[in-house]
Protein chains: 2
Amino acid sequence: MDKIIRVNMNDMTTKLEAVPAAWAGFGGRALTSTIVAAEVPPTCHPLGPYNKLVFAPGLLTGTPASNSGRLSLGTKSPLTGGIKESNAGGTSGQMIAKLGIKALIIEGQPKDKDKWYSIALNKDGATISEETDLIGKGNFAVVEALTARLGKKVGIITLGPAGEMKMLTSNISVKDPDSHIRSHGRGGTGAVMGSKNLKFITIDDTGAEGVQIADPEKFKAASKVFSKALVDHPVDQGLAAYGTNVLVNILNEAGGLPTRNFTYGQCEFHEQISGEFMSARIKERGGKPKHGCHAGCLIQCSQIYPDKNGKYLTSGFEYETVWALGANALIKELDDIAEADNIMDDLGMDSIETSVMFGVAMEAGVLPWGDGRGVIRLLKEEIGKGTPLGRILGGGTEHVGTTYGVTRVPVVKHQAIPAYDPRSVKGIGITYATSTMGADHTSGYAIATNILGVGGHVDPLKKDGQVELSRNLQIATGAVDSAGMCIFIAFPALDIPECLPALVDMINARFGIALTGDDVANLGKYVLKTEHQFNLDAGMTNKDDRLPEFFEQPVLPHNAVWDFTGEEIDAFWNF
Amino acid sequence: MDKIIRVNMNDMTTKLEAVPAAWAGFGGRALTSTIVAAEVPPTCHPLGPYNKLVFAPGLLTGTPASNSGRLSLGTKSPLTGGIKESNAGGTSGQMIAKLGIKALIIEGQPKDKDKWYSIALNKDGATISEETDLIGKGNFAVVEALTARLGKKVGIITLGPAGEMKMLTSNISVKDPDSHIRSHGRGGTGAVMGSKNLKFITIDDTGAEGVQIADPEKFKAASKVFSKALVDHPVDQGLAAYGTNVLVNILNEAGGLPTRNFTYGQCEFHEQISGEFMSARIKERGGKPKHGCHAGCLIQCSQIYPDKNGKYLTSGFEYETVWALGANALIKELDDIAEADNIMDDLGMDSIETSVMFGVAMEAGVLPWGDGRGVIRLLKEEIGKGTPLGRILGGGTEHVGTTYGVTRVPVVKHQAIPAYDPRSVKGIGITYATSTMGADHTSGYAIATNILGVGGHVDPLKKDGQVELSRNLQIATGAVDSAGMCIFIAFPALDIPECLPALVDMINARFGIALTGDDVANLGKYVLKTEHQFNLDAGMTNKDDRLPEFFEQPVLPHNAVWDFTGEEIDAFWNF
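To start, this report covers the structure provided alongside it. Keep in mind that what you see is a predicted model, and the values were worked out from it rather than measured.

**What to know about the interface of chain B and chain A**
Here comes step 1: Counting residues at the interface gives 29 residues for chain B and 29 residues for chain A.
Here comes step 2: Of the roughly 2300 Å² buried where chain B meets chain A, counting both sides, 61% is carbon and sulfur surface.
Here comes step 3: Ranking the residues of chain B by area buried against chain A places R391, K543 and E549 of chain B at the top, with a combined share of 22%.
Here comes step 4: The interface formed by chain B and chain A includes six residue pairs in polar contact (both at pLDDT 80 or more).
Here comes step 5: Breaking the side of chain B that touches chain A down by element, the ones donating at least two residues are α14 (388-394), α15 (397-404) and α21 (517-537) of chain B.
Here comes step 6: Among the residues making up the side of chain B that touches chain A, the classes are represented as 13 nonpolar, 10 polar and six charged.

Laid out in structure tokens, this is it:
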């Protein structure tokens, strides 16, 4: 029987609760956003006693479905002030699902602000323990110590030093199948975990019942169709070959690769930070060009990037990070970017928020443009040690902009804009503006149709069709995030007719129900509307659905400007 | 003939414009708020090219009316994100009025971000000059140098180093009759002046026509009645005797003196920071216990506070500053607070925002509670020099809270809550919540009726009548700020029947018009509604009209909590 586990950090109690009927049909993002909307007062202080952390595996997480291993996290974001959902791979999601835990709700704050705690999940429920040894330690040390303490199989959700310091750049991190780090990224969710004095959560699925499938035959058949669609799609093949960093050259070609803190749309040294270059280097150095963030992934867009001596340097090394420290901060040496990525993993910092921040810090004169060694030094010596400068930088993109009076600050709803210039790729601009999450490419990845030719083509430089495109993608993403699926299933889902019905069939077979495609679309709409209402109740308005003023300045090579009116953007919510 | 002077910092032009008919009846706050609402896009970046700085003398500024020498400043605040009006004494307001300048509008930004400028106003208009010598200099050095350059009579509006660095604690400062500093306080207006690379404005009223009075006899008669009311009122007598710092003992007695970053409502060492103690010390050391911030002031609540050796230490040493560094930051030595006050004057920092910030910084562990020498060191060595720690602290109360993850952060609309605990003095809480300015005691000084027995009595500990009280006071203040009057005329205006009609008579005699008391009240309503609409258009909602969550915790000695519902607060706007 599925259950809710509720952990109260104020009175240090844990409870098993039955799943309310209204929540039974939800998983992943639909469930975490529903619980946050139901239980967290929208105007509460995100680091105060009323905020909660909610973890939930997706509807298919823990099943043999390909690419279904995502764990959703929901909370009120201390960065955006609105609702936040962030899902990650790693091993914890599947283990939590197999334990029959529909959602883990962590609420309240310890009375003693100087003590730190951990939560252990197993087949009997949850226990809270005081933790002393690992406080202040980086994520790699935590994973290593807990593996030694509890065995190699243990699932780990961990808070790095950035989250302990309640920095707005902090993530909540999860152990991946190789004991490396994946992240519940964006929105400063680590600060919420830090405000509850919670250092880590361990998961032991020994003796777990596992995920029951109502109609195994039907599931298997649908799963086969679904898997074939994934491996057949050319974009997923590209991701498999080069990782997400395949996008550097593509975006540079499109003139949408933000360069020097969003001053230009192309970067002259794009080749030396490209996915092609990276993949060749990984092979040459004996690294792993392909790697899955969770068991059952067929795409394997991740990789293990070694240093010159063939030693592990980083993994899960994404396009957005390479772009932000490369083109946008003008760092030419990929090894420096990789080293910075690894430090961010260890500190538990969001690599988009942090890396975009460095562009603004360079604009403010904190360090020279392109100073890769400077970034590494600031991460280690200032941010990691919580010095005053480290606290400024740890506050993220907007915080640095405010601190130094910079006006070219690429954020929406206080969250950094990622790797695609909204002037030259207008569909993603609509997503940045309207996403309930703040600027977030994953919430409605219009690059697919604007640039990659997936799901048809919408001209990236024209306004026509962008609002509809972003709306459809955001609705679909709401459903995908609820299923526990990796967002990269969206490419075949848009192009290969059998893919989406197979996904719906798997959900139906899992639960013994009979959803239609429309039901799934309606789930996506429900997710967006629930989140949007939370944001409105928190005090946001349509004025928060706007890009920064500086995007009125034209960007080369197309001399493109952001020219949507407020009214045009607001039409997004007409559904 | 009255005129508008428009200075464009982008193309470096100055223009004289006729006063539009719609603006003719306005002065002071009514005029600056009208111009900001008409010309500044509410959603623009406050430090970007679209924000403007608007200065306007009040309707009676420059006349012989007592206490009428205020100059209003309007802009979009980089601290609150909403409209900001701030008026100050000093000599500039009267000189600008005598030059027939109805408003000075400064717009645009220089193309060359490395060059700094000054504006000179005289009977022929305005000229812009490049400035090099005084960049980076403190306000006292600027006043001294400009006096040497231009003579003792010159009016000076100056930007301190905090404003040059675009800190959110920065003020725009004005020279007072003794060449000391008064401030357009709150809201980080200095950062806007800094964003226009404008270091100072000088005013030379040689050959000015002066303010014409339509009916001098009527004006004289009304002025006499008005002046008598001012000197007769006991509260103004108390202010004259002890300065605003007379409030320390009064608020402590009422249990409304926020202590240790708003943890308690009374301070055990209140006597040694009290107005009575201060006044005795000033006399003993040969200082000036009474001093006016502008010519024609009958109350003279200011003072010159000397050090142990009788040397000038500070002036304009207000209750709110003494409270914030004294009771709220637990600094017991008044000389340390005075020294800090003087440094803030020199740096051009808001003494409320900065001093309340130190309470939060102490809560964050940046320096020990009560460390007066530490505050002085941080002001001089960190903030003044723009070090990383200085930048954090210079960002103000909320910025420090966010940087260090502190949740007890006393702000409304991002602006620091001043010297009166809203739990124990509930009327002022309604003002903090609803003021268009962010937390601001001056915008509706409910202390008058809650604590001082002026204008009747409304029990400070009960909710009854507080919304109406704050509304009436805020409307009246909107009108007083438009007349160019000191806010302390409100006490006799509330209690002495002849006072308000005499004020209306002076306005009528000045312009040859026939306003009634209702017209003046309607002016106040117009001001509030214009400002409120600007804030709504900037993206604020009723959720911004709320006090921080921590005020739900009871405060001694009354165990009072902030218990207004959102609905009760929102009723404020029903007029």
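Right, picking up where we left off after that structure.
**Thoughts on helix α7 (residues 234-242) of chain A**
Residues and elements named next belong to chain A.
Here comes step 1: Within the span of α7, buried status applies to V235, D236, G238, L239 and A240.
Here comes step 2: Considering only its buried residues, α7 is in contact with α6 (216-232), β13 (288-291) and α19 (490-495).
Here comes step 3: Directly after α7, the chain includes G243, whose backbone phi takes a positive value near 75°.

**Some points on the environment of T14 of chain A**
All names here are of chain A.
Here comes step 1: Topologically, T14 is positioned in strand β2 (residues 13-18).
Here comes step 2: C-alpha separation for the pair T14 and D481, spaced 467 residues apart in sequence, amounts to 27 Å.
Here comes step 3: If sequence neighbours within four positions are ignored, T14 has contacts with R6, V7, A126, T127 and I128.

**A word on the relation of the copies chain B and chain A**
Here comes step 1: Screw-axis analysis of chain B against chain A gives a translation of 0.0 Å along the axis, an RMSD of 0.0 Å, and a rotation angle of 180°. Within this description, the copies of the chain are treated as partners about a two-fold rotation axis. Among all C-alpha atoms of chain B, that of P388 of chain B lies closest to the rotation axis, at 2.9 Å.

**As for the state of the cysteines**
Residue and element names in this part refer to chain A.
Here comes step 1: The tally for this structure, following the rule as stated, stands at zero disulfides over all chains.
Here comes step 2: C486 takes part in no disulfide bond, and the closest cysteine sulfur to it belongs to C297, at a distance of 6.2 Å.
Here comes step 3: In this structure C486 comes out as buried when scored by relative accessible area, which is 11%.

**Here's the deal with the sheet that holds strand β9 (residues 155-158) of chain B**
Residue and element names in this part refer to chain B.
Here comes step 1: Here we have six strands laid out as an open sheet, ordered β8-β7-β12-β9-β10-β11, and mixed in their pairing. Two strands in the sheet have a free side with no partner beyond their single neighbour: β8 (125-131) and β11 (181-184). Across the sheet, the mean angle from the axis of one strand to that of its neighbour is 20°, orientation sign disregarded.
Here comes step 2: Pairing between β9 and strand β12 (residues 198-203): four bridges, direction antiparallel. Paired with I156 across the bridge in β12 is T202.
Here comes step 3: Along the sheet, helix α3 (residues 139-150) contacts β8, β9, β10 (172-175), β11 and β12; its crossing angle with β12, the most-contacted strand, is approximately 45°.

**Focus on the sheet that holds strand β5 (residues 83-88) of chain A**
All names here are of chain A.
Here comes step 1: With mixed pairing, six strands are arranged side by side in an open sheet as β2-β1-β6-β3-β4-β5. The sheet is open, and its two edges are formed by β2 and β5, each paired on a single side. Going across the sheet, the axis of each strand differs from the next one's by a mean of 20°, ignoring polarity.
Here comes step 2: Pairing geometry for strand β4 (residues 71-76) and β5, over six bridges, is antiparallel. Within the sheet, the bridge partner assigned to K76 lies in β5 and is I83.

**Comments concerning the pairing of strand β6 (residues 101-107) of chain B**
Residues and elements named next belong to chain B.
Here comes step 1: A large share of β6 lies buried, amounting to seven of its seven residues.
Here comes step 2: Here strand β1 (residues 3-8) pairs with β6 via six bridges, running parallel. Each residue of the ladder has a partner; that of I4, found in β6, is A103.

**Regarding the pattern of salt bridges**
Residue and element names in this part refer to chain B.
Here comes step 1: Per the stated rule, a full pass over the model turns up 62 salt bridges over all chains.
Here comes step 2: Here R373 and E339 are joined by a salt bridge, their closest N and O atoms 3.1 Å apart. Of this pair, R373 sits in helix α13 (residues 372-383) while E339 is found in helix α11 (residues 334-347), placing the two residues 34 residues apart along the sequence.
Here comes step 3: A salt bridge links D459 to K462; the shortest N-O distance between them is 3.8 Å.

**What about the nonpolar core?**
Most often, soluble globular proteins have nonpolar side chains that are buried together.
Here comes step 1: Among the nonpolar cores identified, the biggest contains 184 residues, and F358 and Y420 of chain A together with F358 and Y420 of chain B are the most heavily contacted of them.
Here comes step 2: Setting aside its immediate chain neighbours within four residues, Y420 of chain B contacts L247, L251, G256, P258, Y319, E320, I428, Y432, H441, Y445 and I447 of chain B.
Here comes step 3: One finds L53, I128, V174 and A191 of chain B within the second-largest nonpolar core, a separate group that totals 31 residues.

**Re the packing of aromatic side chains**
Residues and elements named next belong to chain A.
Here comes step 1: Under the defined criterion, the tally for this structure stands at 28 aromatic pairs over all chains.
Here comes step 2: Note on F26 and Y526: the rings are 4.9 Å apart at their centroids and 15° apart in plane angle, and the pair reads as stacked. Of the two residues, F26 is situated in the loop between β2 and α1 (28-39) and Y526 in helix α21 (residues 517-537); the sequence distance between them amounts to 500 residues.
Here comes step 3: Residue classification places F26 among the buried residues on the basis of a relative accessible area of 15%.
Here comes step 4: Positioned over the ring face of F564 is K463, at 5.6 Å from the centre of the ring.

**Things to note about the packing of helix α16 (residues 426-434) of chain A against helix α18 (residues 466-483) of chain A**
All names here are of chain A.
Here comes step 1: Two elements in contact, α16 and α18, have axes separated by 8 Å at closest approach and are oriented at 60°. When the axis of α16 is compared with that of α18, the two are oblique. Between α16 and α18 lies a crossing whose hand is right-handed. Judged by residue contacts, K426, G427, I430, T431 and T434 of α16 engage Q466, V467, S470 and Q474 from α18.

Conventions and cut-offs
Residues numbered from 1 in each chain as written. Chains lettered and ligands numbered in written order. Predicted model: local features only at pLDDT ≥ 70, side-chain atom pairs only at ≥ 80, totals over all residues. Heavy atoms only, no water. Contact = heavy atoms within 4.5 Å. Buried area = accessible area lost by both parts, 1.4 Å probe. Polar contact = N/O pair within 3.5 Å; in protein donor to acceptor, adjacent residues only side chain to side chain. Helix = DSSP H or I, 4+ residues; strand = E, 2+ residues; numbered from the N terminus. Nonpolar A, V, L, I, M, F, W, Y, C, P; charged D, E, K, R; others polar. Buried < 20%, exposed > 50% of the residue type's maximum accessible area, 1.4 Å probe, protein only. Least-squares fit on C-alpha atoms with pLDDT ≥ 70 in both. Disulfide = S-S within 2.5 Å. Pairing = 2+ DSSP bridges. Axes fitted to C-alpha atoms, helices over the stretch in contact; angles between N-to-C directions. Salt bridge = Lys/Arg side-chain N within 4 Å of Asp/Glu carboxyl O. Core = buried A, V, L, I, M, F, W, Y, C linked by side-chain atoms within 4.5 Å. Phe/Tyr/Trp six-rings, centres within 6.5 Å; stacked < 30°, edge-to-face > 60°. Lys NZ or Arg CZ within 6 Å of the ring centre and 35° of its normal. Parallel < 35°, antiparallel > 145°, perpendicular 65-115°, else oblique. Left-handed = near helix turned anticlockwise from the far one by under 90°.

That is the geometry; function is a separate question.
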